[in-house]
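Chain and residue survey
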Amino acid sequence: MRRLALLLALLVTSSVTSYAENIRMRSHQLKQWVSVEDVQAEIVFGREVAARIIGRYSLYKDKELTRYLNLVGKSLAQYSNRPELEFVVGVLDTEVINAYAAPGGFIFITKGALDVMEDEAELASVIAHEIIHISKKHIVKELNIKGSDASAVSGFGRLIGGASDAVKVAFTQTVDRAVNILFETGYKRNDELEADSQGVILASMLNYDPTALTRYFRKVEKTEGEPISQFKKLYPAFDERISFINSTLKKEGIGDIGYRKGRERFNAYKN
């Protein structure tokens, strides 16, 4: 509970209750129906997954750096298809090179990953990758996270005001499965490739260098030792991911001329 309270204090500025009206308003604006219960369930579930992530790697307490990452993240999130979510970004105090996305809009980047990056475009491409995981509901769909049906994990939204022991057990077991995806088994291959390809498109919409993610991958690939062991275990091969990104850029007609990298600002906050 302490870790969850810290997470909410540092990263979250809106309550689950306040989301309900936003969901109704924005779903009306988008002319599509969004279930308030399902979104609330996703947020509650995502908060617990986020707390587990912080339980493994504590937050890196640098307010200016965190504010900067959230500035980049919120700019990207404007172009996601999840306007009902409040995306937040935190830094994890570990040399492990990785980034994680919890349902509901919670994104974490490790200090080790930031150390490898050289500019804001690389940072934006990694955040965009995680935004796609959330916006496409990769974990939500795989684990059938819902708040208003008869599934085994239904009723998550009611945890806000209390729930039965059966619901709490189902909730905990499903959180365990989500954490296992993030740290042990990885996403489905197609989900990762979708996050790569859609992520670079998302970043390029803000005029970031579309080759930034492949540049980042090449640097990670050259890293040795324990910091990269988890990365190699969880994701498809670097060459496969880079090839898929390049084919996406070619298909979409996205070149690499005239885009920004933002090295100066990135290094100012990183240092």
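Right, let's walk through the structure included here. (Residues numbered from 1 in each chain as written. Predicted model: local features only at pLDDT ≥ 70, side-chain atom pairs only at ≥ 80, totals over all residues. Heavy atoms only, no water.)

Moving on to the overall build of the chain. Helix and strand counts for the chain come out as 13 helices and 3 strands. Across the 271 residues that make up the chain, the buried fraction comes to 54%. Partitioning the intrachain contacts of the chain with sequence separation of at least 6 by distance along the chain shows that 73% fall at a separation of at least 24. In the structure as shown, the chain presents an accessible area of about 12700 Å², 49% of it carried by carbon and sulfur atoms. (Helix = DSSP H or I, 4+ residues; strand = E, 2+ residues; numbered from the N terminus. Buried < 20%, exposed > 50% of the residue type's maximum accessible area, 1.4 Å probe, protein only. Contact = heavy atoms within 4.5 Å. Areas by Shrake-Rupley, 256 points an atom, 1.4 Å probe, with all protein chains shown as cover.)

By size, the foremost hydrophobic cluster in this structure holds 79 residues, and its most contacted members are Leu76, Ile109, Leu123 and Tyr216. Looking at which element gives the most residues to this core, the answer is helix H6 (residues 120-135), with 9 residues. Setting aside residues no more than four positions away along its own chain, isoleucine 109 makes contact with Leu69, Val89, Gly90, Val91, Leu92, Asn98, Ala99, Leu114, Met117, Leu123, Val126 and Ile127. (Core = buried A, V, L, I, M, F, W, Y, C linked by side-chain atoms within 4.5 Å.)

Take the pairing of strand S2 (residues 99-102) next. Neither face of S2 is exposed, since Ala99 and Ala101 on one face and Tyr100 and Ala102 on the opposite face are all buried. Here S2 folds back onto strand S3 (residues 106-110) in antiparallel fashion, the turn holding 3 residues, of which glycine 104 has a positive phi close to 95°. (Pairing = 2+ DSSP bridges.)

The next point concerns the sheet that holds S2. Spatial ordering of the open sheet is given by S1-S3-S2, a layout of 3 strands whose pairing is mixed. Taken across any chain shown, the strands that pair with only one partner, and hence form the sheet edges, are strand S1 (88-92) and S2. Neighbour to neighbour, the strand axes of the sheet diverge by 20° on average, direction disregarded. Across 5 bridges, the pairing between S1 and S3 is parallel. (Axes fitted to C-alpha atoms, helices over the stretch in contact; angles between N-to-C directions.)

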